[in-house]
Amino acid sequence: ESSKEQFAYTNVAEELVKLFKKQIEHDKKEMIFEVLAPLAENDVIKLQLVEAGLVECLLEIVQKTVDSDKEDDIAELKTASDLMVLLLLGDESMQKLFEGGRGSVFQRVLSWIPSNSHQLQLAGALAIANFARNDGNCIHMVDNGIVQKLMDLLDRHVEDGNVTVQHAALSALRNLAIPVVNKAKMLSAGVAEAVLKFLRSEMPPVQFKLLGTLRMLIDAQAEAAEQLGKNVKLVERLVEWCEAKDHAGVMGESNRLLSALIRHSKSKDVIRTIVQSGGIKHLVTMATSEHVIMQNEALVALALIAALELVTAEKDLENAQLVQILHRLLSDDRSAPEIKYNSMVLICALIGSEPLQKEVQSMAFLEVVSKLRSHENKTVAQQASLTEQRLAVES
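Residues numbered from 1 in each chain as written. Predicted model: local features only at pLDDT ≥ 70, side-chain atom pairs only at ≥ 80, totals over all residues. Heavy atoms only, no water.

A few words now on the UniProt feature "repeat: ARM" (unreviewed entry) in the protein. On the UniProt side, "repeat: ARM" (unreviewed entry) is annotated at positions that read residues 145-177 here. Helix makes up 76% of residues 145-177 and strand 0%, with an end-to-end C-alpha separation of 14 Å. (UniProt positions renumbered as here; feature names shortened; annotations may be inferred. Helix = DSSP H or I, 4+ residues; strand = E, 2+ residues; numbered from the N terminus.)

Structure representation (structure tokens):
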């Protein structure tokens, strides 16, 4: 790392690009590539390489080698397109090449996506995912039809497709779905349906991106969340992935999507589907996650379940020992304020069920809650007073 920083103060980028332009032999080009790749990991050098004209060289190599089946050409195509993606990992170099979506480089990269070369399809999709690292770029790209290109690419890879291309195209769609204004546009373009075709995938990286893309798409989109939440195949697959102990990422994303389907749809039908598929125990487990954001998402989803479909979920909530878990979260000084607040909201909702109310009464919740009345966080203190009153009345 320190030597890359030193190199950034020299004109190495410019010299290497000059040297590269002169080379005709494959071996010499490869040697220079081998020096360029590690240097290009440094953001300052990325920008210097872009300014020295490396991108034009790379695009030229791609154009020359794209239809060739010679081994040397295939290797050069891979190296050049990989290096191109690497240059786009720097924020400054990426914005310089995007040029407000009018840049010739951006346009050329777009033309890689429909190509017949898997390597170029991959590089094109990864490049789009890199361009989609800020809202302005994402909005521009969605308005200019990039989504259809990515969906066409995914379509070509549904049956025994190329896993790296699937992963890259899903990454690009996930990033594009982050800005609020893009969600509805992408949903009406059919992105959710295109993504669901990969539910059968057995590849964790593809599963992970698929889940992330759906979660981004349904954020605050009630209708889409309801539609997906009533999709039994999807919910059953999520419940299965919630048990993917070997793949923490897939497991975490499945839990988060289950919770998001409930939080964004607020639909009784969705809750029933999740109860029938055995998803409740996973949401209860998620409430004990080490990540506050996931704990909170789980508690909010559970509070909606308790408010809308308590009778349906009662048995599962009891079996998953939710009341004991809430007691633990409220007694633990390290629990974040929002966790304490949402745990109390949930307790108030659970009292509506006879068996759960009995559990609450048997566990001395009043003591724990009355201590929280003097909590430094005002919202927590207020909720503690309300909860204490509710518990006193019930007992």
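With that settled, consider the side chain of Thr 387. Locating Thr 387 in the fold gives a position in helix H27 (residues 378-394). If we skip the residues at most four places from it in the chain, Thr 387 touches Met 344, Ile 347, Cys 348 and Val 369. (Contact = heavy atoms within 4.5 Å.)

Now for the packing of helix H2 (residues 12-22) against helix H3 (residues 26-39). For the pair H2 and H3, interaxial distance at closest approach is 10 Å and the crossing angle is 155°. As judged from the angle between their axes, H2 and H3 are roughly antiparallel. Crossing geometry of H2 relative to H3 is assigned as left-handed. Residues Val 12, Leu 16, Leu 19 and Phe 20 of H2 form the contact with H3, whose participating residues are Lys 29, Ile 32, Phe 33, Val 35, Leu 36 and Leu 39. (Axes fitted to C-alpha atoms, helices over the stretch in contact; angles between N-to-C directions. Parallel < 35°, antiparallel > 145°, perpendicular 65-115°, else oblique. Left-handed = near helix turned anticlockwise from the far one by under 90°.)

What follows concerns the packing of aromatic side chains. Counted by the stated rule, this structure contains 4 aromatic pairs. Through pairs of rings, three or more aromatic residues link up here, namely Phe 98, Phe 106 and Phe 131. (Phe/Tyr/Trp six-rings, centres within 6.5 Å; stacked < 30°, edge-to-face > 60°.)

Attention now moves to helix H12 (residues 163-176). When the terminal C-alpha atoms of H12 are compared, their 20 Å separation across 14 residues agrees well with the 20 Å that a helix rising 1.5 Å per residue should span. Among the 14 residues of H12, 11 are classified as buried, and the element is accordingly described as predominantly covered. When we look at burial in H12, the residues that qualify are Val 165, Gln 166, Ala 168, Ala 169, Leu 170, Ser 171, Ala 172, Leu 173, Arg 174, Asn 175 and Leu 176. Where H12 is buried, its residues contact helix H9 (118-131), helix H10 (135-143), helix H11 (146-156), helix H13 (180-188), helix H14 (191-196) and helix H15 (204-218). (Expected span 1.5 Å × (residues − 1). Buried < 20%, exposed > 50% of the residue type's maximum accessible area, 1.4 Å probe, protein only.)

Further remarks concern the nonpolar core. The tendency in soluble globular proteins is for nonpolar side chains to be buried side by side. Residues Ile 128, Leu 176, Leu 317 and Leu 350 are the most contacted members of the largest nonpolar core, which totals 142 residues. When residues in this core are grouped by element, the largest group, 9 residues, is from helix H21 (residues 292-308). If sequence neighbours within four positions are ignored, Leu 317 has contacts with Ile 280, Val 284, Leu 302, Leu 310, Leu 322, Leu 350 and Leu 356. (Core = buried A, V, L, I, M, F, W, Y, C linked by side-chain atoms within 4.5 Å.)

Further remarks concern the side chain of Glu 388. Summarising the element assignment, Glu 388 is placed in helix H27. Looking at Glu 388, the relative accessible area reads 18%, which means it is buried. Side chain to side chain, Glu 388 and Arg 373 meet in a polar contact 2.5 Å long. Apart from residues lying up to four places away in sequence, Glu 388 is in contact with Leu 366, Val 369, Ser 370 and Arg 373. (Polar contact = N/O pair within 3.5 Å; in protein donor to acceptor, adjacent residues only side chain to side chain.)

Glancing now at the environment of Ser 117. Mapped onto the secondary structure, Ser 117 falls in the loop between helix H8 (104-112) and H9. Considering only alpha carbons, one finds Ser 117 and Ala 52, 65 residues apart in sequence, at a separation of 28 Å.

All right, on to the pattern of salt bridges then. The tally for this structure, following the rule as stated, stands at 26 salt bridges. Salt-bridge contacts for Asp 91 lead to Arg 133; the nearest nitrogen and oxygen are separated by 2.7 Å. Taken together, the residues Asp 91 in helix H7 (residues 91-98) and Arg 133 in the loop between H9 and H10 connect sequence positions 42 residues apart. Between Glu 309 and Arg 272 there is a salt bridge, and its shortest N-O distance comes to 3.1 Å. Here Glu 309, found in the loop between H21 and helix H22 (310-319), pairs with Arg 272, found in helix H19 (residues 268-276); they are 37 residues apart in sequence, far enough to count as distant. With a relative accessible area of 9%, Glu 309 lands in the buried category. Taking the relative accessible area as the measure of exposure, Arg 272 reaches 30% and is therefore partly exposed. Residues participating in the shared-partner salt-bridge network are Glu 1, Lys 4 and Glu 41. (Salt bridge = Lys/Arg side-chain N within 4 Å of Asp/Glu carboxyl O.)

Now for the packing of H2 against helix H5 (residues 54-65). Interaxial distance between H2 and H5 falls to 10 Å at its minimum, and their mutual angle equals 30°. Regarding the angle of H2 to H5, the classification is roughly parallel. Where H2 crosses over H5, the two elements pack in a sense that is left-handed. Of the residues in H5, those in contact with Val 17, Phe 20 and Lys 21 of H2 are Leu 54, Cys 57 and Ile 61. Among the residues making up the contact of H2 with H5, the classes are represented as 5 nonpolar, no polar and 1 charged. (Nonpolar A, V, L, I, M, F, W, Y, C, P; charged D, E, K, R; others polar.)

So, about H13. Within the span of H13, buried status applies to Asn 182, Lys 183, Met 186 and Leu 187. Taken around the axis of H13, the buried residues stretch over an arc of 130°, which confines them to a single face. Buried-residue contacts for H13 involve H10, H11, H12, H14, H15 and helix H16 (222-229). Gly 190 sits one or two positions beyond H13 and adopts a positive phi of about 95°. (Arc of directions from axis to C-beta.)

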